[in-house]
Amino acid sequence: MGFFENFYPDEYVRSTYEIDFESLYKQGYRGVIFDVDNTLVPHDAPADDRAKALFKRLHDIGFKALLLSNNKEPRVKHFAEDVKYASYIFKANKPSRSGYFAAMKKMGTTSGTTLFVGDQIFTDVWGAHRAGIRNILVHPINPKEEIQIVLKRRLEAIVLKRYFSHNSK
Ligand SMILES: [Mg+2]
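In this text the structure is predicted, and so the values were computed from the model without any measurement. (Residues numbered from 1 in each chain as written. Predicted model: local features only at pLDDT ≥ 70, side-chain atom pairs only at ≥ 80, totals over all residues. Heavy atoms only, no water.)

Engineer: When you look at the coordination of the magnesium ion in this model, what are you seeing that I'm missing?
Structural biologist: Where a metal carries four tetrahedral donors, each ideal angle is 109.5 degrees; where it carries six octahedral donors, the ideal angles are 90 or 180 degrees. Coordination of the magnesium ion by the protein comes from Asp35 (OD), Asp37 (O) and Asp119 (OD), over a distance range of 2.1 to 2.2 Å. Spacing between the donor residues of the magnesium ion along their common chain follows D-x1-D-x81-D. Each member of the pair, Asp35 together with Asp37, is buried. (Donors = N, O, S within 2.8 Å, 3.2 Å for Na, K, Ca; no water. Buried < 20%, exposed > 50% of the residue type's maximum accessible area, 1.4 Å probe, protein only.)

Engineer: I'm lost on the packing of helix H2 (residues 49-61) against helix H3 (residues 73-83) in this one. Help?
Structural biologist: For any two helices packed against each other, one specifies the crossing angle of their axes together with the interaxial distance. One way to put it is that H2 packs onto H3 with a least axis distance of 9 Å and a crossing angle of 65°. With respect to their mutual orientation, H2 and H3 come out roughly perpendicular. Contacts between H2 and H3 involve Ala51, Lys52 and Phe55 from the first element and Phe79, Asp82 and Val83 from the second. Of the residues that constitute the contact of H2 with H3, the class distribution is 4 nonpolar, no polar and 2 charged. (Axes fitted to C-alpha atoms, helices over the stretch in contact; angles between N-to-C directions. Helix = DSSP H or I, 4+ residues; strand = E, 2+ residues; numbered from the N terminus. Parallel < 35°, antiparallel > 145°, perpendicular 65-115°, else oblique. Contact = heavy atoms within 4.5 Å. Nonpolar A, V, L, I, M, F, W, Y, C, P; charged D, E, K, R; others polar.)

Engineer: Is there a simple way to explain the packing of helix H5 (residues 121-130) against helix H6 (residues 147-167) in this structure?
Structural biologist: Following both chains from N to C, one finds H5 and H6 inclined at 50°, their axes separated by 10 Å at the closest point. Here H6 runs oblique to H5, going by the angle between their axes. The segment H5 lies against H6, with Ile121, Phe122 and Thr123 engaging Lys152, Leu155, Glu156, Val159 and Leu160. Classifying every residue of the contact of H5 with H6 gives 5 nonpolar, 1 polar and 2 charged.

Engineer: When you look at the nonpolar core in this model, what are you seeing that I'm missing?
Structural biologist: Generally speaking, soluble globular proteins have nonpolar side chains that are buried together. If you look at the biggest cluster of nonpolar residues, it comprises 30 residues, and the most contacted ones within it are Phe21, Phe34, Phe55, Leu58, Leu67 and Phe79. Take this core: its biggest share by element is 5 residues, from H2. In contact with Phe55, not counting residues within four places along its chain, are Phe34, Leu40, Ala65, Leu67, Val83, Lys84, Tyr85 and Ala86. By size, the runner-up hydrophobic cluster in this structure holds 13 residues, among which are Leu68, Tyr100, Ala103 and Ile133. (Core = buried A, V, L, I, M, F, W, Y, C linked by side-chain atoms within 4.5 Å.)

Engineer: It is not clear to me how the pairing of strand E3 (residues 64-68) should be interpreted in this structure. Could you clarify?
Structural biologist: Side chains on a regular strand alternate between the two faces of the sheet. The buried fraction of E3 is high, at 4 of 5 residues. Across 4 bridges, strand E2 (residues 31-34) lies against E3 in parallel orientation. Pairing of Ile33 across the sheet is with Leu66, part of E3. The parallel pair E2 and E3, bridged by H2, forms a crossover whose chirality is right-handed. Where E3 meets strand E4 (residues 87-89), 3 bridges bridge the pair, whose relative direction is parallel. Across the sheet, residue Leu68 finds its bridge partner in E4, namely Ile89. Considered for its hand, the β-α-β crossover made up of E3, H3 and E4 is right-handed. (Pairing = 2+ DSSP bridges. Right-handed = clockwise from strand over helix to strand, strands pointing away.)

Engineer: I keep staring at the side chain of Thr109 and nothing clicks. Help me out?
Structural biologist: Its place among the elements puts Thr109 in the loop between helix H4 (98-107) and strand E5 (114-118). A relative accessible area of 11% places Thr109 in the buried class. Separated by 2.7 Å, the side chains of Thr109 and Thr114 make a polar contact. Leave out the neighbours within four places in its chain, and Thr109 touches Arg30, Gly31, Met104 and Thr114. (Polar contact = N/O pair within 3.5 Å; in protein donor to acceptor, adjacent residues only side chain to side chain.)

Engineer: Help me out: how do you make sense of the side chain of Thr123 in this one?
Structural biologist: Turning to its location among the elements, Thr123 is positioned in helix H5. Leaving out residues up to four positions away in the same chain, Thr123 has contacts with Asn70, Lys94, Pro95, Tyr100 and Lys152.

On their own, these measurements won't tell you what the molecule is for.
What follows is the structure, given as structure tokens:
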């Protein structure tokens, strides 16, 4: 396995809101771990109606949901309260695997029945990959990002270019 493959997502979609969770449930998945910022809403934005509807829908399908964020507790706690139907872990220290394992323990799921959805390759996808969890990379919602994230995006672009050429072979 090459160096770049460590960072390849299992899937790439334009938006969290395009994911077919109904069919993923039928495939046997029971828990979904979400990154928050730029995955569900723009960075530091409150939960909007679209996010609230998604968590209600997941609950109705039968999924457990959990917010796994490197952000601070007030941010993640308020978001969880707003969307309901989701527990949370803050300062998760992604790409460390510990937060992903804690998330599965909270949801009562395993690496075989859990999905991860996030917008960053070097934190979200890499951590899920290391924890053995199927991961879906989404296009970040907000184009206005802090400089350290902009620099990471440039590195991500290198990985994604290889990923797409790898997938098209
Ligand atoms: Mg994010």
